[in-house]
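So you can see what is in the structure, the chains are spelled out below.
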Amino acid sequence: MFDSEKALALTRWINDWKNTYGESPSIEECITWIEWKFEENKISEKEKIKIETILNFSIE
């Protein structure tokens with residue numbers, strides 16, 4: 001389940017990534033990070049859409 005804790009953590013990670021690499025991570029990198037950070041085995045299609053939405057809002 002993709003809750004506000006995960007959304008906030010992902011937003012912070014995306015910002016850290018952008019500060020480090022000067023560009024936004026890919027959707028695949030975001031999904032991989034969520035799976036690793038929260039020990040998720042499988043990200044649902046609904047969760048992928050939420051992750052993509054957060055990523056899109058984080059792009060300047």
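Residues numbered from 1 in each chain as written. Predicted model: local features only at pLDDT ≥ 70, side-chain atom pairs only at ≥ 80, totals over all residues. Heavy atoms only, no water.

## So, the overall build of the chain
Put simply, the rule reads: Working definition: helices are DSSP H or I runs of at least four residues, strands are E runs of at least two. Numbering for both runs from the N terminus. Only C-alpha atoms enter the radius of gyration; for comparison, a globular chain is expected to reach 2.2 Å times N to the power 0.38, where N is the number of residues. Three exposure classes are used, based on accessible area relative to the maximum for each residue type with a 1.4 Å probe and protein chains only: buried under 20%, partly exposed in between, and exposed over 50%. Contacts: residue pairs with any heavy atoms within 4.5 Å of one another. The protein chains shown are the only cover counted for residues, whose accessible areas, like all others here, come from Shrake-Rupley with a 1.4 Å probe. By the counting rule applied here, Lys and Arg register as positive and Asp and Glu as negative, while His and the ends of each chain are not counted. Throughout, a charge is located at the NZ atom of Lys, the CZ atom of Arg, the CG atom of Asp or the CD atom of Glu.
Of regular secondary structure, the chain possesses three helices and zero strands. The order of helices and strands in the chain, counted from the N terminus, is α-α-α. Over its C-alpha trace the chain gives a radius of gyration of 11 Å, about what one expects of a compact globule, namely 10 Å for 60 residues. Oriented by its inertia axes, the alpha-carbon framework of the chain measures out at about 30 × 20 × 20 Å. Put simply, the chain has 60 residues, and 35% of those count as buried. Residue pairs in contact within the chain that sit at least 24 positions apart in sequence constitute 56% of those at least 6 positions apart. Accessible area of the chain: about 4400 Å², with a carbon and sulfur share of 51%. Charge-centre separation for the chain: the mean point of 8 positive side chains lies 5 Å from the mean point of 13 negative side chains.

## Quick notes on the nonpolar core
Convention followed: By convention a nonpolar core is built from buried Ala, Val, Leu, Ile, Met, Phe, Trp, Tyr and Cys residues, the set being connected through side-chain atoms within 4.5 Å.
Counting residues in hydrophobic clusters, the biggest one holds 16 residues, and the most contacted among them are Leu10, Ile34 and Ile51. For this core, the leading source of residues is helix α1 (residues 4-21), giving six residues. Residues in contact with isoleucine 34, not counting those within four places in the same chain, are Phe2, Lys6, Leu10, Glu39, Glu40, Ile43 and Ile51.

## Section: the pattern of salt bridges
Side chains that carry opposite charge are capable of pairing whenever their charged atoms lie near each other. Selection rule: When a carboxyl oxygen of Asp or Glu is within 4 Å of a side-chain nitrogen of Lys or Arg, the pair counts as a salt bridge.
Under the criterion given, the structure shown has two salt bridges. Of the charged contacts, one joins lysine 6 and glutamate 40 as a salt bridge, the two residues approaching to 2.4 Å between their closest N and O atoms. Of this pair, lysine 6 sits in helix α1 while glutamate 40 sits in the loop between α2 (27-37) and α3 (45-58); the two residues are 34 residues apart in sequence, bridging distant segments of the chain. One salt bridge connects lysine 48 with glutamate 45, and the closest N-O pair in it is separated by 3.4 Å. Separated by three residues within a single helix, lysine 48 and glutamate 45 lie in helix α3, roughly one turn from each other.

## Comments concerning the packing of α2 against α3
Let me state the cut-off plainly: Note on definitions: angles span 0 to 180 degrees between N-to-C directions of axes, and those axes are lines fitted to C-alpha atoms, for helices only across the stretch in contact. If an angle is under 35 degrees, it is roughly parallel; if it is over 145, roughly antiparallel; if it lies from 65 to 115, roughly perpendicular; otherwise it is oblique. Note on convention: near helix rotated counterclockwise from far helix by under a right angle means a left-handed crossing. Clockwise means right-handed. Charged residues are taken to be Asp, Glu, Lys and Arg, nonpolar residues to be Ala, Val, Leu, Ile, Met, Phe, Trp, Tyr, Cys and Pro, and polar residues to be all remaining types, Gly included.
Orientation of α2 relative to α3, taken along the N-to-C sense of each, is 120 degrees, at an axis distance of 10 Å. Classed by the angle they form, the pair α2 and α3 counts as oblique. Remark: the crossing between α2 and α3 carries right-handed chirality. Contacts from Ile27, Cys30, Ile31 and Ile34 in α2 reach Lys48, Ile51, Glu52 and Leu55 in α3. Grouping the constituent residues of the contact of α2 with α3 by class yields six nonpolar, no polar and two charged.

## Structural notes on the environment of asparagine 41
Examined against the element boundaries, asparagine 41 turns out to sit in the loop between α2 and α3. For the pair formed by asparagine 41 and proline 25, sequence separation is 16 residues and the distance between their alpha carbons is 21 Å.

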